[in-house]
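Tertiary structure, described
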Amino acid sequence: MRNKLSTLIALFIFCATLSAQSLEALRFEERTFSFGGGMTNLLDTYLSPLHYKGAHAMIMSERFSQTRFESGRWFALSQFALHGDYTVVAEGRGLMVGGMGDYTYSCYYRTLRMQRWDLYVGPQAQGRIGGIYNLRNSNNPAQLKLGVNIAASAMAKYRFALWSTPMNVRLQADAPLLGVAFAPDYGQSYYEIFYLGNSEGCVHVTSLHNNLSLRSRLCYDVELKPCTLRLTWQEDLYHWQLGGQQYRMFTHSVMIGFVRNLYHVMRQDEIKQHIPY
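Read on for an overview of the structure. (Residues numbered from 1 in each chain as written. Predicted model: local features only at pLDDT ≥ 70, side-chain atom pairs only at ≥ 80, totals over all residues. Heavy atoms only, no water.)

1. Section: the overall build of the chain
Assigned secondary structure in the chain consists of 3 helices and 11 strands. Looking at the 277 residues of the chain, the share that counts as buried comes to 42%. Within the chain, counting contacts between residues at least 6 apart in sequence, those at least 24 apart form 64% of the total. Put simply, the chain shows about 15400 Å² of open surface, and 64% of that area lies on carbon and sulfur atoms. (Helix = DSSP H or I, 4+ residues; strand = E, 2+ residues; numbered from the N terminus. Buried < 20%, exposed > 50% of the residue type's maximum accessible area, 1.4 Å probe, protein only. Contact = heavy atoms within 4.5 Å. Areas by Shrake-Rupley, 256 points an atom, 1.4 Å probe, with all protein chains shown as cover.)

Pasting the structure below:
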């Protein structure tokens, strides 16, 4: 009986301590699933010298979580997205379709913590694979897109309430700094690369001089019970100059998503090391 009573008292004290710290002894995790679409502008001189314009669709899954490092000041953000494009030339005589999958993993350090504002900066790893198919071409109708990058990322959050409803706005920007990409040289066919073994010059080191790209996201969250609704505007700009060719892709999309917030209890040693900030 005494053991049970002691356990209940210890549990009560532990819960009261968590409540008094306003969930500061808990690790935060946010999971989101979004889908939407928009417009895209595409140029790939390996397939065609013409600009193609059309529709863009995408789905995205992301996870933003607080880590145990530096008393919870480091955060991890993983994002996986699938993209699809359906484009035509201005005259309407050509059709080009594309599909892409990309994954990013960011490590953020929270440099600023205020009543309404949070500011995060850190490195990011990017991976991208997919392809483009031009229905007008009989020779070399497709182009493989493959690349990995180390990027710099920054994110800002602003919290407020409107009509007693909690809301927050998040702005994120990512820019690749150094990477490796696959791209055939001008006039080099995939038959030469994969069947004849003439793959020299297909792998390129990329940096700001030949890979000027930027991704920006603006998210607006409205906390509606029992879940949080997220509206996202995303803009992607890719500009590669590899192997004597150019690849430019500009997309802007609007997405709707659903957010699930979770809290994980820290271990006892983590709670003791936790510093309010």
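2. Focus on the pairing of strand β6 (residues 142–162)
Regular strands place their side chains on alternate faces of the sheet. Judged from the 17 bridges that link them, strand β5 (residues 117–134) and β6 form a sheet pairing that is antiparallel. The partner of Gln-126 across the bridge, within β6, is Asn-149. One ladder, built from 17 bridges, connects β6 with strand β7 (residues 165–182); its direction is antiparallel. Across the sheet, Ala-156 pairs through a bridge with Leu-171, a residue of β7. (Pairing = 2+ DSSP bridges.)

3. What to know about the packing of aromatic side chains
Tallying each qualifying case throughout the model produces 12 aromatic pairs. On the basis of an interplanar angle of 10 degrees and a centroid distance of 5.4 Å, the ring pair of Phe-64 and Phe-75 is categorised as stacked. Here Phe-75 lies in strand β3 (residues 74–89) and Phe-64 lies in strand β2 (residues 52–66), a separation of 11 residues in the sequence. With respect to burial, Phe-64 and Phe-75 carry one shared label: buried. Ring centres 6.2 Å apart and planes at 50 degrees place the aromatic pair Phe-182 and Tyr-190 in the tilted group. Looking at Phe-182, the relative accessible area reads 12%, which means it is buried. The rings of Tyr-46, Phe-182, Tyr-190 and Phe-194 are connected pair by pair, giving a single aromatic cluster. Directly above the aromatic system of Tyr-238 lies the positively charged group of Arg-128, at a separation of 4.0 Å from the ring centroid. Above the ring of Tyr-247, the side-chain terminus of Lys-145 is found at 3.8 Å from the ring centroid. (Phe/Tyr/Trp six-rings, centres within 6.5 Å; stacked < 30°, edge-to-face > 60°. Lys NZ or Arg CZ within 6 Å of the ring centre and 35° of its normal.)

4. Things to note about the side chain of Thr-228
Here Thr-228 is to be found in strand β10 (residues 227–242). Setting aside its immediate chain neighbours within four residues, Thr-228 contacts Asp-221, Val-222, Glu-223, Gly-257, Phe-258, Val-259 and Asn-261.

5. What to know about unusual backbone geometry
Positioned with a positive phi, Trp-163 is a non-glycine residue whose angle comes to about 55 degrees. You can see Trp-163 is positioned in the loop between β6 and β7. Look at Trp-163 and you get exposed, because its relative accessible area is 76%. Its identity as a non-glycine residue notwithstanding, Ser-164 has a phi of 65 degrees, on the positive side.

6. So, the pattern of salt bridges
What the rule picks out here adds up to 15 salt bridges. For Arg-113, the salt bridge is made with Asp-118, and the minimal N-O distance between the two is 3.0 Å. Using a relative accessible area of 41% as the deciding quantity, one classes Arg-113 as partly exposed. Through salt bridges with shared partners, a single network forms among Glu-30, Glu-62, Arg-170, Arg-217, Asp-221 and Arg-230. (Salt bridge = Lys/Arg side-chain N within 4 Å of Asp/Glu carboxyl O.)

7. Considering the side chain of Ser-34
Along the chain, the position of Ser-34 falls in strand β1 (residues 26–44). For Ser-34, a relative accessible area of 0% puts it in the buried group. Aside from chain neighbours lying at most four places away, what touches Ser-34 is Ile-59, Met-60, Met-255, Ile-256 and Gly-257.

8. Quick notes on the pairing of β3
The pairing of β2 with β3 spans 15 bridges and is antiparallel. Along β3, the bridge assignment pairs Lys-53 with Val-88. Where β3 and strand β4 (residues 95–113) come together, 15 bridges link them in antiparallel fashion. Considered in β4, the bridge of Tyr-86 is made with Val-97.

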